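The primary structure of each chain is shown beneath.
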Amino acid sequence: TASTLDAKWTRRNIVSGDEARAAWGGSWLVTNTYGGSIDKDYLQTAPGGDFEAVIKMAWSDNGNSPIGPMIVSSTGTGFIFAQQNDHIWYIWPLVNYLHTGIGSGVDPGMLVSGARSGRAAIWMAIRKVGTAYSGRVSINGETWSAYTATSSNAFTVASMGVGRISSTTVGFTSIDWFDVI
């Protein structure tokens, strides 16, 4: 419900009418992110030190919109781990919450067909170790790809969460769970 999400998550660029929630497939929470071609995020305060944020999700993508776990400063400098196509995943650097190109990538050696159309669940993780950031992906939550090569930035981490750095409207983002390791 809105009140239980509000207790933990801050919405950025998500306003009334942009989202709708419904149970889907058991414990899934479907969040429709309408409202045009702007980025939209659910963020919470990041822990101190090194950590890894892991999410299980699926989404319907009507365009080329990076969606995934993210780690950011209070000004939006940071990184998002997102899929470019069905088999290559990247660390995208962020400035003012907008991606500034593609960082290091990983081909997990497994086709994640259907993930972009909401038919397949995927697990994604973004990791912070000092000032180095990397990501990894899984199609079953047990067998993981190697981490991407690290991308570095000395910004002060403020938030983590899940977001879309959008160039087009995305139909829905389905979030099953989010965890910090």
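To be clear, the structure that these remarks concern was listed above.
All values reported here derive from a predicted model rather than from experimental measurement.

Thresholds applied
- Residues numbered from 1 in each chain as written.
- Predicted model: local features only at pLDDT ≥ 70, side-chain atom pairs only at ≥ 80, totals over all residues.
- Heavy atoms only, no water.
- Helix = DSSP H or I, 4+ residues; strand = E, 2+ residues; numbered from the N terminus.
- Buried < 20%, exposed > 50% of the residue type's maximum accessible area, 1.4 Å probe, protein only.
- Contact = heavy atoms within 4.5 Å.
- Areas by Shrake-Rupley, 256 points an atom, 1.4 Å probe, with all protein chains shown as cover.
- Pairing = 2+ DSSP bridges.
- Phe/Tyr/Trp six-rings, centres within 6.5 Å; stacked < 30°, edge-to-face > 60°.
- Polar contact = N/O pair within 3.5 Å; in protein donor to acceptor, adjacent residues only side chain to side chain.

Trainee: An account of the overall build of the protein chain is requested, with residue identities and associated values reported.
Mentor: Each helix and strand counted, the protein chain has one helix and 15 strands in total. With 181 residues in all, the protein chain has 52% of them scored as buried. If you take every contact in the protein chain between residues at least 6 apart in sequence, the share linking residues at least 24 apart comes to 64%. When the accessible area of the protein chain is evaluated, it comes to approximately 7600 Å², of which 53% is carbon and sulfur surface.

Trainee: Tell me about the pairing of strand β12 (residues 132-138), residues and numbers included.
Mentor: Burial analysis of β12 places seven of its seven residues in the buried class, the great majority of the element. As paired elements, strand β11 (residues 122-129) and β12 share seven bridges and run antiparallel to each other. In the strand pairing of β12, Lys128 is matched with Tyr133. Here β11 folds back onto β12 in antiparallel fashion, the turn holding two residues, of which Gly130 has a positive phi close to 65 degrees.

Trainee: Could you give me a rundown of the packing of aromatic side chains, with the residues and numbers involved?
Mentor: This model, assessed by the stated rule, comprises five aromatic pairs. Arranged with centres 6.4 Å apart and planes meeting at 80 degrees, the rings of Tyr90 and Trp92 form a pair that is edge-to-face. Residue classification places Trp92 among the buried residues on the basis of a relative accessible area of 4%. Between the aromatic rings of Tyr133 and Phe155, the centroid separation amounts to 5.2 Å while the plane-to-plane angle is 15 degrees, which identifies the pairing as stacked.

Trainee: Explain the side chain of Arg136 to me, using residue names and the numbers behind them.
Mentor: Topologically, Arg136 is positioned in strand β12. Side chain to side chain, Arg136 and Tyr147 meet in a polar contact 3.2 Å long. When residues no more than four places from it in sequence are discounted, the contact partners of Arg136 are Glu52, Phe81, Trp123, Met124, Ala125, Trp144, Ser145, Ala146 and Tyr147.

Trainee: Summarise the pairing of strand β8 (residues 89-95); cite the residues concerned and give the values.
Mentor: In terms of burial, β8 is largely enclosed, as five of its seven residues are buried. Where strand β7 (residues 78-83) and β8 come together, six bridges link them in antiparallel fashion. Paired with Gln83 across the two strands is Trp89, which belongs to β8. In this structure, β8 lies alongside strand β10 (residues 105-106), joined through two bridges in antiparallel fashion. When the bridges of β10 are listed, Tyr90 appears paired with Gly105. Pairing between β8 and strand β9 (residues 98-99): two bridges, direction antiparallel. If you follow Leu94 over to β9, its bridge partner there is His99. Connecting β8 to the antiparallel partner β9 that follows it, the hairpin turn spans two residues, and Asn96 within it adopts a positive phi of roughly 55 degrees.

Trainee: Tell me about the environment of Tyr97, residues and numbers included.
Mentor: Topologically, Tyr97 is positioned in the loop between β8 and β9. Along the sequence, Tyr97 and Gly78 sit 19 residues apart, while their C-alpha atoms lie 7.5 Å from each other. Setting aside its immediate chain neighbours within four residues, Tyr97 contacts Arg12, Asp39, Asp41, Leu43, Met70, Val72, Ser73, Ser74, Thr75, Gly76 and Ile165.

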